[in-house]
Each structure stands twice: as structure tokens, then as C-alpha cells.
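Listed below, chain by chain, are the residues.
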Number of protein chains: 2
Amino acid sequence: MPVGTQATVKAMTPAELESLGAQIILGNTYHLHVRPGEKLIARLGGLHRFMSWDRPILTDSGGFQVFSLAKLRKITEQGVHFQNHLDGTPTFIGPETSMEIQHDLGSDIVMLFDECPPHPCGYDDAAKSLDLTLRWAARCRAWWDTRPTENRPLLFGIVQGSSHADLREKSARALVDIGFDGYAVGGVSVGEPEREMFRAIENAVPFLPQDHPRYAMGLGTPPQIIEMIARGIDMFDCVLPTRLARNGTAFTASGTLNLKNAPFAEDPSPIEPGCECHACRHFSRAYLRHLVKAEEILGLRLISIHNLHFYLNLTRQARAHILAGTFQEFRETFVANYKSHTESTKDPG
Amino acid sequence: MPVGTQATVKAMTPAELESLGAQIILGNTYHLHVRPGEKLIARLGGLHRFMSWDRPILTDSGGFQVFSLAKLRKITEQGVHFQNHLDGTPTFIGPETSMEIQHDLGSDIVMLFDECPPHPCGYDDAAKSLDLTLRWAARCRAWWDTRPTENRPLLFGIVQGSSHADLREKSARALVDIGFDGYAVGGVSVGEPEREMFRAIENAVPFLPQDHPRYAMGLGTPPQIIEMIARGIDMFDCVLPTRLARNGTAFTASGTLNLKNAPFAEDPSPIEPGCECHACRHFSRAYLRHLVKAEEILGLRLISIHNLHFYLNLTRQARAHILAGTFQEFRETFVANYKSHTESTKDPG
């Protein structure tokens, strides 16, 4: 899922996203609540109509941003009091508020409101946080259960538990007991080593039903996506394709390219030879480098198009290899090719 | 002509420009000389191939930017010594250098290298500057006359003479004596009152051949474009559509809209009802206001699309009305409708 934080996938039109084959995008409940506000969006016909996107939208719960962006937080049993990051307005979001906002936005997949503990998080704190998140999960479920079932969005649970295996298991089992339409693994990619991130997934997935979608939130680099798929994950959202594009960084099968670098100044080849995206079919690395150096918007636009194509195509390839029974070989080759280059260039990816 | 200063019409792909019906764009010799350099562009196949635009390109001579952007200028008979605005590198551009740069870029319409005196400019200074510009014009013509005629670009003269009627006449007559493929009026829209700008055009046009294109450089607002067409001008370049878009300002037949303004917050209508551009067919003023307020690139992209459509459509309308014999009525109605709104909103346009 390309990430459309503020009712736009950065620098992209909906028509461009459709032509890249994006089936669903993510919207950020926190950001849209702060600006322009879900009530305004609802009066204008909902988020789909507001941003002119008629395919599915998944909205996060706002929890992650409340804990990472907002200031002066106070967590109570009811929810979280905070000051928003834009103008400091005192705001409250709890489980029911989050559901109401996502309802007003017209989300197709609603995420439950969870507490996101920082990394590292000791066992006692993680256990206490998890218990609160589970009580909030039940309240989110209850809020939807009182609403008409017709056209009701899907509701996804979020497995928490930090880096503690038994808490991850407890979280997953408890969510399945409540019953959700899909299950996310949250609290990953929050600063922990990659090995620990994989372990959090491994500690959750065995306890989630095979016939429900499983979603790793906020991930990741291309090899991480492949490694997560290998561990049973079906869905991702990731800001890297558009965020790195704005920094002049493009993804290729052999690693990232920083198009600002001098060796590309006269390079007539496309970002990735053979790539069928609009950027690679029409423009050279030399031209893109010029645009990035001159701080021209077209540069980050074209790299965004390429990077989103790369990510969407990566998951399409993974799906095809799974169906063909060749995923394991694809995984090994892809990860080996990608990593070697990334390491040699010391690119943070 | 949309303006493609640094080998890109800001925020637009060539494909989008084509779909808007842009027949030709302008490239800036000074900017491209400074970065990435015309020799690099030539090695990569010329400006058309570099930026993936296969319709005509007109390049200015660099003169205007040398006099408005560069620092520590010294004007001699040979040309202008200056330090570029990016890193202060000492640089020289004279008539022949400008022709060489435009040749290397692969321009389709080359502008001669002229001195651009500031406004206001007293008679003696303007006369002296004009004489230098005319000697440079002859050298530009001579440079091209030594080259093979096959695939040679068109060469346009530039009428100067500031606000002095007899100098404008002298300039036009002298250029026609030398002989060019088209004639521009330069040194307009340099800070003078609008009435004086129109007079500069009126003082030049009668002495320019009817069967050669006439081009008013660096203009203007929509009513100014119409007024210039009424005075016999055929071609324009203007940064306003893309520059004002980046400020959240959109053009309509009744004047400009600053989409940041609060009244648009919940306005479900498009920028201009009935407009057939991509922005107006899919997005509301409310959504565009949100994007502009949130500083999202998609906002300035969509307004750029609308504004370029507005300008290109305006000249298409003018042409249709000229052919239908209804231009005078179109002109009066358009200018009256546009001006009244502009005046009432105090928008600088």
C-alpha cells in the first residue's frame, strides 16, 4: 500500500497510482484528524471522493502518530490526551474516537486503536501496555458491533508485545478470540535490529489464522518485504518509495542508487535497465540527476513513480513466484543481489 | 509557450504538456549553461532528448538572466562578463557564445543576444544600449550565416529601445534590414506601468512584417495576453501559470483565486466550473486548499495543470475568435470580466 498521509500519496495523482497497479492505499487517521478534519472530509463525501480515489483505503488508527509525533501525551484507560504537532491544540483520541474518525473518513479497512510502546520496552511495561491495548481492542470491536453490518468496513486487529515472544503469542491469541477481519503486526520497525523485527513477526504469525490477511505495519526495505512474505505476511504499507524519492534515492534490484552522485552526471541509461515505469521508459539517470541537483519537482516525481512501481512490482513478482512454486529461489536470489550492493555502497536504504 | 527554465516546465512531465496541447516550450540558455551545461546536454543528444520533449523548443539568449540574475557584470563591445548566481563562477557570454550555446542545446528557435536595460532608462542610455544590441544582432546573424542551412533553427530578432517610440521604430527597422525569421519585442514587463508596456508593443509592431511571427517576451496576465494579441502579437512565454500555482493561485475567466483562502475550505466545486482540465474534472477547491495548506506537491501540480490549460486554452480561444471574426467582442468581454474581479480582490495577478 502506497502511503497517503495527508489525503495524497506524496507528489502522485490517483490516476498515476492506478496506472502503477496500486490496489489500495493507506490514509493516516491522526494527520487527517488534525488537518483538514474528518468532519470536513465527511461533509465533502468521504476520503475517497475528497481525494478522488475510488479503490480501497486502509486507515491506520492514529495511535502510532499520537505516540511518535504529538506532544505532551497523557495516557489513561479511556485513551490519549495530547497536543497536536501543528498548532498544539489539546486533543483526545481513544478507541471509540479513533473508530468514529475512521468511520467518518469512509475507510474500507479500519485499524484498531493501540498503544505503541517505544523500543526497547521491558517485560513489565510491555505486558501492561499490551493489556491496555487488548482492552482497547475489545472496545473497538464493540463499537463496530453496534453499527449496521451493511457496507461496514473490515476491522483489523494489531498484535503488540514488543520483543517478548510470549506477549506476542498472548496478543495474537487474544485478538483472534475477539475476532477480526485481518491481523496486523505492529510495534515493528521502531528502531530495533532487523533480526528482532523478523522475530516479532515469527512470534506472532503462527497464532494468526491462515485464511485472514496478515499485515506488517510500516515496513520496509525491499529485502525486508521479501523476508516478511517468506514469514507469511500478506500486506504492507511503506513510506520509503516516496520518502527516499524526495531525497533523490531510487530502488533497483541490486540496491539503491543515490541519483545525486557524480557518476550519474552523464549516464544515459535509465534508473534500472528493463524497468517499464514511465521514468525509466523516457528519462536518463543524467537527466534525473540534473533535476535532483536543481531541486526540480519533476525529479522527485519521476523517482517516486519508479520507486512505487518497484515496490508494487516486487510484491506482484513475489505473488507470481508463490503461485509458481518458485518463491524460495526468488527470495534467495533477490535478497542476495540486493544486500551485496547495499552493503558495498554503505547506503542506509 | 510554457517556460522550462531548467530543462523542465516546473512540476510537469512532457506527456502532461502534450496532453494540454502545448506546441512549443521555452528553455533558458543562461540557466542551462550554468547547470548542467550545454556541452553535457549536447553529449546526451541535445535538449529535446535530454528532457524527453520532441516538439519545438525556443531558447532565449541568456541576456535577460545575465542582466537580472548574475552578479558583478561588466559589459564590453564583445559581450558580458559576469559571475553566475549559483556559485559565482566567472563567465562570459557574448553574441557568438550565446549562439553556440543555443546551437549545442539543439534549439528550434534561437533568440539573438541583446542588452536588456533596466526600467526606467533615459534616452541617451537607451539609444547607446540599442546601438550595441544592433551590432550584436548583426554578429548573431553572421554566426548563423556561416553554418549549413540544413536543419538550421529559426533566428529571431529582439526589438529594444525602452519606452522611447523613435528608438523602438529604429530598432524594428534595423532588425528587419538585417533579416530574421521572427521578431520579438523585448524590454517589456520590466517594471513599467501597463500602459507603457502596451505602448512599447504599439511602437514596434507597425514596423515588423505581417508574415513573420511576432513575440512579446515574458508576458503576461491573461488580459495582457489578449491585449497583446489585439496589438498583433502571435507568441508569448510566461512563467505566471506555474509560478502562481506554486503559491496556490489559480486562474479563472473572472480573475485569480487564492486557494489558500478560508472560503474555499468546504467548497466542493472545481477551480473553474466547466473547465476540462484534469484538476477540474477530478478535484474540488476544498481538496486543493487542503493540499496547498498542507504544502503537498500534488496541490501545486494540479494547479499548474489547470493554469497551463487556462493559458493555452486562452490563446486557442483567441485564435478561434480571430478566424471567426469575433475577436473584438471576445476581447472586450474577457478583459472586462477578468479585470473587475481582479480589481475587487486586490490580487496582484
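Residues numbered from 1 in each chain as written. Chains lettered and ligands numbered in written order. Predicted model: local features only at pLDDT ≥ 70, side-chain atom pairs only at ≥ 80, totals over all residues.

Asks: Just checking my understanding: could you explain the relation of the copies chain B and chain A for this structure?
Replies: Applying a rotation about an axis and a shift along it to one chain copy brings it onto the other copy. Expressed as a screw transformation, the operator carrying chain B onto chain A has a rotation angle of 180° and an axial translation of 0.0 Å, and the superposed copies differ by an RMSD of 0.0 Å. The superposition operator between the copies reduces to a two-fold rotation axis. Of every C-alpha in chain B, the one belonging to B:Ile297 sits nearest the axis of rotation, 4.0 Å from it. The fraction of interface residues of chain B whose copies in chain A are also interface residues reaches 100%, indicating that both copies meet through the same surface. (Least-squares fit on C-alpha atoms with pLDDT ≥ 70 in both. Contact = placed C-beta atoms within 7 Å.)

Asks: Before we go on, may I ask you to explain the interface of chain B and chain A in this structure?
Replies: Interfaces are frequently sized by the accessible area removed from exposure as the parts join. Contacts between the two partners involve 30 residues from chain B, matched on the other side by 30 residues from chain A. When contributions to the side of chain B that touches chain A are tallied by element, the ones reaching two or more residues are α3 (38-43), α4 (47-51), α13 (285-293) and α14 (297-324) of chain B. Broken down by element, the residue count for the side of chain B that touches chain A peaks at five residues, all from α13(B). Taken together, the residues that form the side of chain B that touches chain A break down as 17 nonpolar, seven polar and six charged. (Helix = DSSP H or I, 4+ residues; strand = E, 2+ residues; numbered from the N terminus. Nonpolar A, V, L, I, M, F, W, Y, C, P; charged D, E, K, R; others polar.)

Asks: I keep staring at unusual backbone geometry and nothing clicks. Help me out?
Replies: With the exception of glycine, most residues fall at negative phi, and the peptide bonds are largely trans. Residues A:His119 and A:Pro120 are joined by a peptide bond in cis, for which omega reads -5°. Inspection of the secondary structure assignment puts A:Pro120 in the loop between β7 (109-111) and α7 (123-145). Between B:Arg35 and the following residue, B:Pro36, the backbone shows a cis peptide bond with an omega angle of 5°. Note on placement: B:Pro36 falls in the loop between α2 (29-34) and α3.

Asks: Any chance you could explain the sheet that holds strand β8 (residues 154-159) of chain A here in plain terms?
Replies: Within a sheet, adjacent strands bond to each other through the backbone by hydrogen bonds, running parallel or antiparallel. All names here are of chain A. Pairing within the open sheet is parallel, and its eight strands lie in the order β1-β2-β3-β7-β8-β9-β10-β11. Every other strand in the sheet has two partners, leaving β1 (3-4) and β11 (235-236) as the edge strands with one partner each. Here four bridges tie β8 to strand β9 (residues 182-185), and the two strands are oriented parallel to one another. Bridging across to β9, isoleucine 158 finds its partner in alanine 184. (Pairing = 2+ DSSP bridges.)

Asks: Honestly, the nonpolar core in this entry has me stumped. Any pointers?
Replies: Ranked by internal contacts, the top residues of the largest apolar core, which has 205 residues, are A:Phe156, A:Ala216, B:Phe156 and B:Ala216. Looking at this core element by element, the count peaks at ten residues for α14(B). Non-local contacts of A:Ala216, meaning those with residues more than four positions away in its chain, are made with A:Val185, A:Val188, A:Ile201, A:Met228, A:Ile233 and A:Phe236. (Core = buried A, V, L, I, M, F, W, Y, C linked by C-beta atoms within 7 Å. Buried ≥ 20, exposed ≤ 12 C-beta atoms within 10 Å, placed from the backbone.)

Asks: Before we go on, may I ask you to explain the environment of A:Leu155 in this structure?
Replies: All names here are of chain A. With respect to the helices and strands, the residue leucine 155 is situated in strand β8. In this structure, the C-alpha to C-alpha distance between leucine 155 and valine 3, residues 152 residues apart in sequence, is 19 Å. Not counting residues up to four positions away in its chain, the partners in contact with leucine 155 are Val110, Leu112, Cys140, Arg141, Trp144, Phe180 and Asp181.

Asks: Would you mind going over the domain arrangement of chain A with me for this structure?
Replies: Residues and elements named next belong to chain A. Segmenting chain A into domains produces domain 1 (3-239) and domain 2 (243-345). Taken over C-alpha atoms, the centre of domain 1 sits 28 Å from the centre of domain 2. With 16 residues of domain 1 in contact, the opposing surface of domain 2 contributes 18 residues. Examining the composition of the side of domain 1 that touches domain 2, we find that seven residues originate from one element, helix α10 (residues 222-230), more than from any other. Taken together, the residues of the side of domain 1 that touches domain 2 break down into twelve nonpolar, one polar and three charged. (Domains from an automatic or database assignment.)

Asks: Help me understand helix α9 (residues 194-204) of chain B, please; the structure alone is not making it clear to me.
Replies: Quick reminder: α-helices carry 3.6 residues per turn. Residues three or four places apart thus point the same way. Residue and element names in this part refer to chain B. Looking at α9, one finds that the buried residues are Met197, Ala200, Ile201, Asn203 and Ala204. One face of α9 carries all of its buried residues, which in axial projection span an arc of 165°. Those residues of α9 that are buried are in contact with β8 (154-159), α8 (165-178), β9 (182-185), β10 (214-216) and α10 (222-230). (Arc of directions from axis to C-beta.)

Asks: Honestly, the sheet that holds strand β4 (residues 71-75) of chain B in this entry has me stumped. Any pointers?
Replies: Residues and elements named next belong to chain B. If you trace the three strands from one edge of the open sheet to the other, you get β4-β5-β6, paired in antiparallel fashion. Strands at the two margins of the open sheet, each flanked by one partner only, are β4 and β6 (90-93). Within the sheet, the average angular offset between the axes of one strand and its neighbour, ignoring direction, is 20°. Here β4 pairs with strand β5 (residues 80-83) via three bridges, running antiparallel. Counterpart to isoleucine 75 in the pairing with β5 is valine 80. (Axes fitted to C-alpha atoms, helices over the stretch in contact; angles between N-to-C directions.)

Asks: Honestly, the packing of helix α8 (residues 165-178) of chain A against helix α9 (residues 194-204) of chain A in this entry has me stumped. Any pointers?
Replies: Between two packed helices, the angle of one axis relative to the other and the distance separating the axes together describe the packing. Residues and elements named next belong to chain A. Where α8 contacts α9, the axes come no closer than 8 Å and their chain directions differ by 45°. Relative to α9, α8 is oriented oblique. Here α8 runs over α9; the crossing is right-handed. Where α8 abuts α9, its residues Ala165, Arg168, Glu169 and Ala172 lie against Ala200, Asn203 and Ala204. (Parallel < 35°, antiparallel > 145°, perpendicular 65-115°, else oblique. Left-handed = near helix turned anticlockwise from the far one by under 90°.)

Asks: Honestly, the packing of α7(A) against α8(A) in this entry has me stumped. Any pointers?
Replies: Residues and elements named next belong to chain A. One can describe the packing of α7 onto α8 by two numbers: an axis separation of 11 Å at closest approach and a directional angle of 10°. When the interaxial angle is binned, α7 and α8 end up roughly parallel. Touching Ala126, Ala127, Leu130, Leu134, Ala137, Ala138 and Arg141 of α7 are Leu167, Lys170, Ser171, Ala174, Leu175 and Ile178, all from α8. Its residues assigned to classes, the contact of α7 with α8 shows ten nonpolar, one polar and two charged.

Asks: Hey, could you run me through the pairing of strand β4 (residues 71-75) of chain A in this one?
Replies: Two faces, one strand: in a regular strand the side chains alternate between the faces of the sheet. In terms of burial, β4(A) is a largely surface element, zero of the five residues being buried. Where β4(A) folds back onto strand β5 (residues 80-83) of chain A in an antiparallel hairpin, the turn is made up of four residues.

Asks: Looking at this structure, I do not really get the pairing of strand β6 (residues 90-93) of chain A. What am I missing?
Replies: Residue and element names in this part refer to chain A. In the sheet, β5 pairs with β6 via four bridges, with the strands oriented antiparallel. Paired with histidine 81 across the bridge in β6 is phenylalanine 92. Hairpin connection from β5 to β6: six residues lie between these consecutive antiparallel strands, with glycine 88 at a positive phi of about 75°.

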